[in-house]
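A structural walkthrough
This is what each chain is made of:
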Amino acid sequence: MMSVEAGALPGQQLAMVGKSLTSAGKDMANVVYDIQKDANAVRVDDALNQAKEKALSLMYDKTTGFSSQKGINALERESGKPLADEYLEKYQQSLSEIDAKLGNSAQKEVFSAKARDLMAQFHGAALKHESAEYQSYALSVQEGTIKNSMNEIGLSYNNPVAVDSAVQRITEAGTNLGRLQGKAPEWIDANNRKLTSNAHLLAIGSAIEQDNIKGADAYLKKYSSQMDADDILKVKTQIGKQVDVGLAYQSVDNAFVKLAPSIITSDANRAFNIAIGAESSGRQFDKDGKPLTSSKGATGITQVMPSTAPEAAKLAGVPWNEELFNRKMTGDPTKDNEAKAYNEVLGRAYFQKQLQDFHGNLAQTYAAYNAGPQAVKDFRDGTNISGKNPNKITTPDGIPPFAETIAYVNNNMKAFNEGKGSFQKPSIKDVIDTVDANMGNASPQVKKLAQDYAISRFKNLEFSETQRNDESTAAAIDGLVKNGGNFMALPADIRGNVPTKDMNRVIDYAKRVATNTQTTNLAVYERLTNPVTLNGMSDAKFASMRTELSESDFKKFSDQRDSVRTGKAVAASSDIPSGPINEVLSNRLRNIGIDPTPKDSDETGQMRMGAVKRFVRDSVYEQQQALGRKLNDQEVERHIDGLFAKSFEFRKTFMGMTYGDKQGVPVLSMTYSDIPKDYRNAIEADLKLGGKTKPSEGDVLGVYLKIKMKQKNG
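Residues numbered from 1 in each chain as written. Predicted model: local features only at pLDDT ≥ 70, side-chain atom pairs only at ≥ 80, totals over all residues. Heavy atoms only, no water.

Points about the overall build of the protein chain
Along its length, the protein chain carries 28 helices and two strands. Counting across all 714 residues of the protein chain, residues that qualify as buried make up 39%. Of the contacts made within the protein chain by residues no fewer than 6 positions apart, 64% connect residues no fewer than 24 positions apart. (Helix = DSSP H or I, 4+ residues; strand = E, 2+ residues; numbered from the N terminus. Buried < 20%, exposed > 50% of the residue type's maximum accessible area, 1.4 Å probe, protein only. Contact = heavy atoms within 4.5 Å.)

Topic: the pattern of salt bridges
Within the structure shown, the criterion is met by 32 salt bridges. Aspartate 508 is the partner of arginine 512 in a salt bridge, and the nearest nitrogen-oxygen pair spans 3.0 Å. Residue arginine 512 and its partner aspartate 508 are located together in helix H19 (residues 500–514), separated by four residues, close to a single helical turn. (Salt bridge = Lys/Arg side-chain N within 4 Å of Asp/Glu carboxyl O.)

As for a nonpolar patch on the surface
The grouping of Ile72, Tyr137 and Val141 at the surface amounts to a nonpolar patch, some 220 Å² of accessible area in total. Position of isoleucine 72 relative to the elements: it lies in helix H2 (residues 71–75). Residue isoleucine 72 is classed as partly exposed on the basis of its relative accessible area, which comes to 37%. (Patch = residues over 30% accessible without salt bridge, like charges linked within 9 Å, V, L, I, M, F, W, Y side chains within 5 Å. Areas by Shrake-Rupley, 256 points an atom, 1.4 Å probe, with all protein chains shown as cover.)

Structural notes on the nonpolar core
In terms of nonpolar packing, the biggest core is built from 32 residues, with Leu346, Phe351, Tyr366, Tyr369 and Val409 touching the most fellow members. Of all the secondary-structure elements, those providing two or more residues to this core are helix H9 (267–280), helix H10 (309–316), helix H11 (322–325), helix H12 (333–357), helix H13 (362–371) and helix H15 (403–417). Counting residues per element, this core draws most heavily on H13, which supplies six residues. Beyond its immediate sequence surroundings of up to four residues, phenylalanine 351 is in contact with Ala268, Ala271, Phe272, Ala275, Leu362, Thr365, Tyr366 and Tyr369. Counting residues in each nonpolar core, the second largest holds 28 residues, with Leu522, Met609, Phe615 and Leu701 among its members. (Core = buried A, V, L, I, M, F, W, Y, C linked by side-chain atoms within 4.5 Å.)

Some points on the confidence of the model for the protein chain
Looking at the protein chain, the pLDDT average stands at 82 and 88% of residues meet or exceed 70. Contacts for the low-pLDDT stretch residues 1–6, under 50 throughout, to residues beyond four places or in other chains number one contact. This stretch, residues 651–662, has a pLDDT under 50; its non-local contacts, to residues over four places away or in other chains, come to 21 contacts. (pLDDT = per-residue confidence, 0-100.)

Digging into the environment of alanine 268
Summarising the element assignment, alanine 268 is placed in helix H9. A sequence separation of 153 residues divides alanine 268 from glycine 421, and the C-alpha atoms of the two residues are 9.7 Å apart. Setting aside chain neighbours within four positions, we find alanine 268 in contact with Phe351 and Leu355.

Description of unusual backbone geometry
Backbone geometry places serine 281, a non-glycine residue, at a positive phi of 55°. You can see serine 281 is positioned in the loop between H9 and H10. In this model, asparagine 516 sits at a positive phi of 55°, which is unusual for a non-glycine residue. Here asparagine 516 is to be found in the loop between H19 and helix H20 (522–528).

Examining the packing of aromatic side chains
This model, assessed by the stated rule, comprises 13 aromatic pairs. A centroid spacing of 5.4 Å and a plane angle of 55° characterise the contact between tryptophan 320 and phenylalanine 325, whose relative ring orientation is tilted. Accessibility expressed as a relative area gives 2% for phenylalanine 325, which makes it buried. Over the face of the ring belonging to phenylalanine 256 we find arginine 457, whose NZ or CZ atom lies 4.5 Å from the ring centre. The ring of tyrosine 525 has arginine 614 sitting right over it, with the charged end atom 5.9 Å from the ring centre. (Phe/Tyr/Trp six-rings, centres within 6.5 Å; stacked < 30°, edge-to-face > 60°. Lys NZ or Arg CZ within 6 Å of the ring centre and 35° of its normal.)

Section: the environment of valine 616
Relative to the helices and strands, valine 616 is located in helix H25 (residues 603–627). Remark: the alpha-carbon pair of valine 616 and histidine 639, spanning 23 residues in sequence, is separated by 9.1 Å.

Overview of the side chain of aspartate 470
Counting through the fold element by element, aspartate 470 comes out in helix H17 (residues 444–483). Although aspartate 470 lies buried, it forms no salt bridge, and the closest oppositely charged side chain, lysine 541, sits 4.1 Å away as judged by the N-O distance. Apart from the residues within four sequence positions on either side, aspartate 470 is in contact with Ala540, Lys541 and Ser544. (Lys, Arg positive; Asp, Glu negative; His and termini not counted.)

Regarding the packing of helix H5 (residues 160–180) against helix H7 (residues 213–223)
Put simply, H5 and H7 touch, their axes get as near as 13 Å, and they point 45° apart. By the angle between their axes, H5 is oblique relative to H7. The handedness of the crossing between H5 and H7 comes out as right-handed. Taken together, the residues of H7 that come into contact with H5 (itself represented by Pro160, Val163 and Asp164) are Tyr219, Lys222 and Tyr223. Taken together, the residues that form the contact of H5 with H7 break down as four nonpolar, no polar and two charged. (Axes fitted to C-alpha atoms, helices over the stretch in contact; angles between N-to-C directions. Parallel < 35°, antiparallel > 145°, perpendicular 65-115°, else oblique. Left-handed = near helix turned anticlockwise from the far one by under 90°. Nonpolar A, V, L, I, M, F, W, Y, C, P; charged D, E, K, R; others polar.)

Some details on the packing of H5 against helix H6 (residues 185–209)
Orientation of H5 relative to H6, taken along the N-to-C sense of each, is 145°, at an axis distance of 9 Å. Classified by chirality, the crossing of H6 by H5 is right-handed. Contacts between H5 and H6 involve Val163, Val167, Ile170, Thr171, Gly174, Thr175, Gly178 and Arg179 from the former and Trp187, Ile188, Asn192, Leu195, Thr196, Ala199 and His200 from the latter. Per-class residue counts for the contact of H5 with H6 are seven nonpolar, seven polar and one charged.

With respect to H25
An ideal rise of 1.5 Å per residue puts 36 Å on 25 residues; H25 measures up with 36 Å between its terminal C-alpha atoms. Trailing H25 by a residue or two, glycine 628 shows a phi angle of about 75°, which is positive. (Expected span 1.5 Å × (residues − 1).)

In structure tokens form, the structure reads like this:
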């Protein structure tokens, strides 16, 4: 550009230069303005972005955003302001802070205009959330009212005032609920009826659950007008079923009341049954059809004296009926059974009176029933009995020295101590027949229901009795082990609770514990080798099996049970692998034509199999002890195959003389008859000396196998 001095320019030129400078200034001003405008726009956009981010945070933050405020928390604020207003103030505050950071009035003006739109949108979103939460809360309140009212009806079904009040609250809440949802009046009415019907269903169900069938039926009659037809039919069906159930259960209850004495015979009933068996052999009539009468005039099945019969009737709480007492056989089973039953009622009451008067002394009670209570009291108290010499006859304490009475008492006491006198237990068929007789014209479905319930109850009763007996027997056995076999040293309650059927077994076991001669019943042993049987027994049942096992065998089975049932670890060498032994042994025996699973009725077969299994198990046990570990399945198989491969050679004997050539008999196929007679005799004699009074064929076989195997092994 050419430089020109100012003074050197002509006037016209100077004017032109001035004009050019003015134009350039305007252009520059325009450029500056545009730059400022763009800068304002950028700053405003940034401010708006900040405003939008703040709005999003106030809306959706997980803890502080208004959308996270739910239910009552959205409707009742600590600030005391509506949620939308509270959050709008927060947003306005944030916008003010953003506005304060803007650089000029132009930016503030543009931002303010657009911020008003953002606030309007934000406030609308907050109002929408607040409204939705209000509606949701209002709905939940109404639903809660309905639910609580229904529960109240269920609990207060027998309180009409409470029911009517709850129904009204349900209707009101249902109406409010429908309105909140924008439903039509027709829909609201139908829904209220359904809600009310459901509430009544709940109430009737509560009555049925409490076995108040009459109450359920009365409730239905009162409120059926407020229920749907389908619900009415549903309830009718439920009530009908419960009536059927009630009829079935009541019939079963009545049957068990009738059969209870024969299901579990009490000791008092056993004692009385023995008494009348000895008196009349259970007969009410003689061969001529007259009431059975003794030489002294005792009458009927219980041999009650006519002079004491009226007193016995009074004791029994029944009217004295002389005609019935003396009734002859009519040929009509009903009348004849009536006479027999009446006589039995009198005799039982009289017997129980003697049992009470003699303070439970059964021997004296029997004597009183036979000879009369006064004779027993006189002899017991030392009063002389005319015409009798007590020194010539030995009697139990308090028993008159009459030969007939002494024999009667001794025989009855022996029978009682042996567990006799129980009623014949009814079978399941007897129970079902008795139940059916109580049900009249009930439907087949109801009868089936009653039969199923009767069967279940009968089995549970049997199980409970068995469990109780096992526990009592187990307690006595445990006490004998601890005290060295002294039965009389057991606490009286333990001795008294031993079931009569187990008494002889327990007393015999006490003797064997005292003399250290416990032996194993091989039939029981055979059954216990089945893990399912062994582990399926209750602890009490298994403990009661101790009387049937030697101590070593009991311990082995006990360890085996503990390892399975409690997870208690046992020494590997003592852990008998029952499963593999049974499987391999059964296969090998079947291969040589021997049934390894004899029936329960085949006691000889069970004894033999018990002897074989005991021999094999002991052999495996000894092998494991020698190795110091448990045999695996393959080793068990090889060990048993080795036993099958061995045989014993011997000559047959007859009357002590041998004959024929030596014969080889496989070890595990031997039977009792394969054992030479001289061996059998010697083993049986040794077993008897060891406490086995009646050795079985299995016992002898088991000992012989062990002896010969030890000889064969040197």
